[in-house]
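Notes for the structure review
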Amino acid sequence: MFYRYVGLQGGGLLRDKELKMQSLFTSQELVKLNLPGADVRYQEHLEFGRSAGEIFDDLVRQISWKHEDITIHGKTFKQPRLTAWYGDPGMSYTYSGLSLAPLAWPALLLELKRKVEEVTQQTYNSALLNQYRGHRDSVGFHADDEPELGRNPTIASLSFGETREFVLKPKRGRPGQTTRLPLASGSLLVMAGETQQNWLHGVEKLNAPCGGRVNITFRNIVGQRRGRFAR
Ligand SMILES: O=C(O)CCC(=O)C(=O)O
Ligand SMILES: [Mn+2]
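Residues numbered from 1 in each chain as written. Chains lettered and ligands numbered in written order. Predicted model: local features only at pLDDT ≥ 70, side-chain atom pairs only at ≥ 80, totals over all residues.

**Looking at the overall build of the protein chain**
What the protein chain contains, in helices and strands, is four helices and 17 strands. Relative to its 231 residues, the protein chain shows a buried fraction of 31%. Residue pairs in contact within the protein chain that sit at least 24 positions apart in sequence constitute 76% of those at least 6 positions apart. (Helix = DSSP H or I, 4+ residues; strand = E, 2+ residues; numbered from the N terminus. Buried ≥ 20, exposed ≤ 12 C-beta atoms within 10 Å, placed from the backbone. Contact = placed C-beta atoms within 7 Å.)

Set out below in structure tokens:
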């Protein structure tokens, strides 16, 4: 698979304008971000044969959303978002004291998975879905480094609905390298290589109200778990 490489002036705030300028000629292909020790690629628009807004509505309606409790440092609270876990039989996933057995793939997710597999030239056996109902919903900074994902996992992330900033922060190094990438509705972000070893990512709460957003991360469960992880 051919990837274009475009430097994004390494870190700092990636402004909407810069992204739009880039998008003029890169929206139809994966573009690699200039982040040291990471392999992060972004494609602003994937062609699904129908609108991203329609897919967002279907996801909100058809997915079995749950509002789960998680336990971090002995304290239990509700996650600040809704979640769902789908996958091939046996692909269980555990994080923050939460053990998820996979639901069987519905046609809607299989349609999206096929598209992502075609673009990334990889297969996936599971997907974690997040629904951010509005500006107060978020995911804290974490790395997708649970043992069952194996070393250097490829994670393919689709976004629908409201554009929210995906924030990447180096685990070690200068906070100035923090990079904000607004993920458009219908976009694909791929994290691969050593990204999870060297960088954290999250979606922050906002002060101003905004619409809902659904994110789907296609993953591969490959190993057994050995530890406890929090997010
Ligand atoms: O919503 C997003 O873009 C990121 C979600 C995420 O990082 C996760 O589910 O592990
Ligand atoms: Mn993640």
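**Some thoughts on helix 2 (residues 52–62)**
Those residues of helix 2 lying buried are Ile55, Phe56 and Leu59. An end-on view of helix 2 places all buried positions within 105° of arc, on one side of the element. Along helix 2, the residues that are exposed and aim more than 90 degrees away from the buried face are Gly53, Glu54, Arg61 and Gln62. (Arc of directions from axis to C-beta.)

**Focus: helix 3 (residues 107–120)**
Here helix 3 is 14 residues long and its end C-alpha atoms lie 20 Å apart, about the 20 Å a rise of 1.5 Å per residue gives. Where helix 3 is buried, its residues meet strand 7 (82–87), strand 10 (126–132), strand 12 (155–161), strand 15 (187–192) and strand 17 (213–219). Immediately beyond the C-terminal end of helix 3, within one or two residues, lies Gln121, with a positive phi of roughly 60°. (Expected span 1.5 Å × (residues − 1).)

**Overview of the site of ligand 1**
The immediate surroundings of ligand 1 are formed by Leu128, Asn130, Val139, Asp144, Ser157, Phe166, Leu183, His201, Val203, Asn215 and Thr217. Contributing elements (two or more residues each) for the shell around ligand 1: strand 10, strand 16 (199–203) and strand 17. (Near = placed C-beta within 6 Å.)

**Observations concerning the pairing of strand 15**
The element strand 15 is extensively covered by neighbouring structure, given that five of its six residues are classed as buried. Sheet topology places strand 4 (residues 39–43) next to strand 15; five bridges connect them, and they run antiparallel. Across the sheet, Val40 pairs through a bridge with Met191, a residue of strand 15. In this sheet, strand 15 lies alongside strand 12 in antiparallel orientation, the contact comprising five bridges. Bridge pairing in strand 15 links Ala156 to Val190. (Pairing = 2+ DSSP bridges.)

**A look at the nonpolar core**
With 39 residues, the main nonpolar core has Ala127, Leu129, Ala156, Leu189 and Ile216 as its most contacted residues. With residues up to four places along the chain from it excluded, the contact list for Ala127 reads Tyr86, Gly87, Leu109, Lys113, Ile216, Thr217, Phe218 and Arg219. (Core = buried A, V, L, I, M, F, W, Y, C linked by C-beta atoms within 7 Å.)

**Observations concerning unusual backbone geometry**
Positive phi values are uncommon outside glycine, yet Gln121 reaches one of about 60°. Looking at where Gln121 falls in the secondary structure, it is placed in the loop between helix 3 and strand 10. We classify Gln121 as exposed; it has 8 C-beta atoms within 10 Å. Although it is not a glycine, Asn152 adopts a positive phi angle of roughly 50°. The topology assignment puts Asn152 in the loop between strand 11 (139–142) and strand 12.

**Considering the environment of Gln43**
By the element assignment, Gln43 lies in strand 4. Considering only alpha carbons, one finds Gln43 and Gly186, 143 residues apart in sequence, at a separation of 9.0 Å. If near-sequence neighbours (up to four positions away) are discounted, Gln43 is found in contact with Glu29, Leu30, Val31, Ser187 and Leu188.

**Remarks on the environment of Thr120**
Along the chain, Thr120 turns up in helix 3. Once the C-alpha coordinates of Thr120 and Ile155 are considered, the two residues, 35 residues apart in sequence, prove to be 9.9 Å apart. Sequence-distant contacts of Thr120, defined by excluding residues within four places in its chain, comprise Ala156 and Val190.

**Observations regarding the confidence of the model for the protein chain**
Per-chain confidence: the protein chain averages 87 in pLDDT, with 85% of residues scoring 70 or above. Contacts from residues 1–26, a stretch scored under 50 in pLDDT, to residues over four places away or in other chains number 34 contacts. (pLDDT = per-residue confidence, 0-100.)

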